[in-house]
Amino acid sequence: MVALFVGRFQPFHLGHLKVLEYVSRVVDRIIIGVGSSQEKNTLENPFSYEERLEMITSSLRLDRKKYAVLPIPDFGDEKRWVEHVLKNMPTFDVVYTSAPREKRIFRNAGVTVRSVPLYDRSV
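What you are looking at is a predicted structure, and each value in this text was computed from that prediction instead of being measured.

Here is what the cut-offs are and how they apply
- Residues numbered from 1 in each chain as written.
- Predicted model: local features only at pLDDT ≥ 70, side-chain atom pairs only at ≥ 80, totals over all residues.
- Heavy atoms only, no water.
- Axes fitted to C-alpha atoms, helices over the stretch in contact; angles between N-to-C directions.
- Helix = DSSP H or I, 4+ residues; strand = E, 2+ residues; numbered from the N terminus.
- Parallel < 35°, antiparallel > 145°, perpendicular 65-115°, else oblique.
- Left-handed = near helix turned anticlockwise from the far one by under 90°.
- Contact = heavy atoms within 4.5 Å.
- Nonpolar A, V, L, I, M, F, W, Y, C, P; charged D, E, K, R; others polar.
- Core = buried A, V, L, I, M, F, W, Y, C linked by side-chain atoms within 4.5 Å.
- Buried < 20%, exposed > 50% of the residue type's maximum accessible area, 1.4 Å probe, protein only.

Undergrad: So what exactly am I meant to see when it comes to the packing of helix 3 (residues 78-88) against helix 4 (residues 100-108) here?
TA: Two packed helices can be described by the angle between their axes and the distance between those axes. Orientation of helix 3 relative to helix 4, taken along the N-to-C sense of each, is 70°, at an axis distance of 10 Å. Taken together, the axes of helix 3 and helix 4 lie roughly perpendicular to each other. Note that helix 3 runs across helix 4; the crossing there is right-handed. On the side of helix 3, the interface is formed by Glu78, Trp81, Val82 and Val85, while helix 4 contributes Arg101, Arg104, Ile105 and Phe106. Taken together, the residues of the contact of helix 3 with helix 4 sort by class into five nonpolar, no polar and three charged.

Next up, the structure:
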């Protein structure tokens, strides 16, 4: 089974790492979608895609064959965004998220969604 886990990762933190470790125990492969990938050097999105990619790959202790990290641009339009994800990401079976908005968007597109626990980012 292949999972999609999407986040802006501004920055990638221990909570994200714990979620990915959790998901890796129940799926064969994880596609990590870096949202708002075109954004950088702003208050809301200070890090570039390349910086976030480095944060993620240097933090993960998973086998490199177990995951892929890919950019996902933001369009400011939910329908267009989810269509882009479904068309341009490698095939996945399930989306893991705790975000109500992402749950709604993907479920409305007919995608299986599973919740992830929330972890403390600091421990």
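Undergrad: Sorry if this is basic, but what is going on with the environment of Glu21 here?
TA: Position of Glu21 among the secondary structure elements: in helix 1 (residues 14-24). Counting along the chain gives 40 residues from Glu21 to Arg61, while the straight-line C-alpha distance between them is 8.5 Å.

Undergrad: Sorry, what's going on with the nonpolar core here?
TA: Nonpolar side chains in soluble globular proteins generally cluster together in the buried interior. Val23, Ile30, Ile32 and Ile56 are the most contacted members of the largest nonpolar core, which totals 21 residues. Elements with a minimum of two residues in this core: strand 1 (2-7), helix 1, strand 2 (29-35), helix 2 (49-59), strand 3 (67-72) and strand 4 (94-97). If you tally residues by element for this core, the top one is helix 1, at four residues.

Undergrad: Whenever I open this one, helix 4 confuses me. Can you help?
TA: The α-helix advances 3.6 residues per turn, and as a result positions three or four apart in sequence lie on the same side. Regarding helix 4, the residues found buried are Glu102, Lys103, Ile105 and Phe106. Tucked into the core, helix 4 has its buried residues touching strand 1, helix 3, strand 4 and strand 5 (112-115). In the segment just after helix 4, Gly110 is the residue with positive phi, at about 85°.

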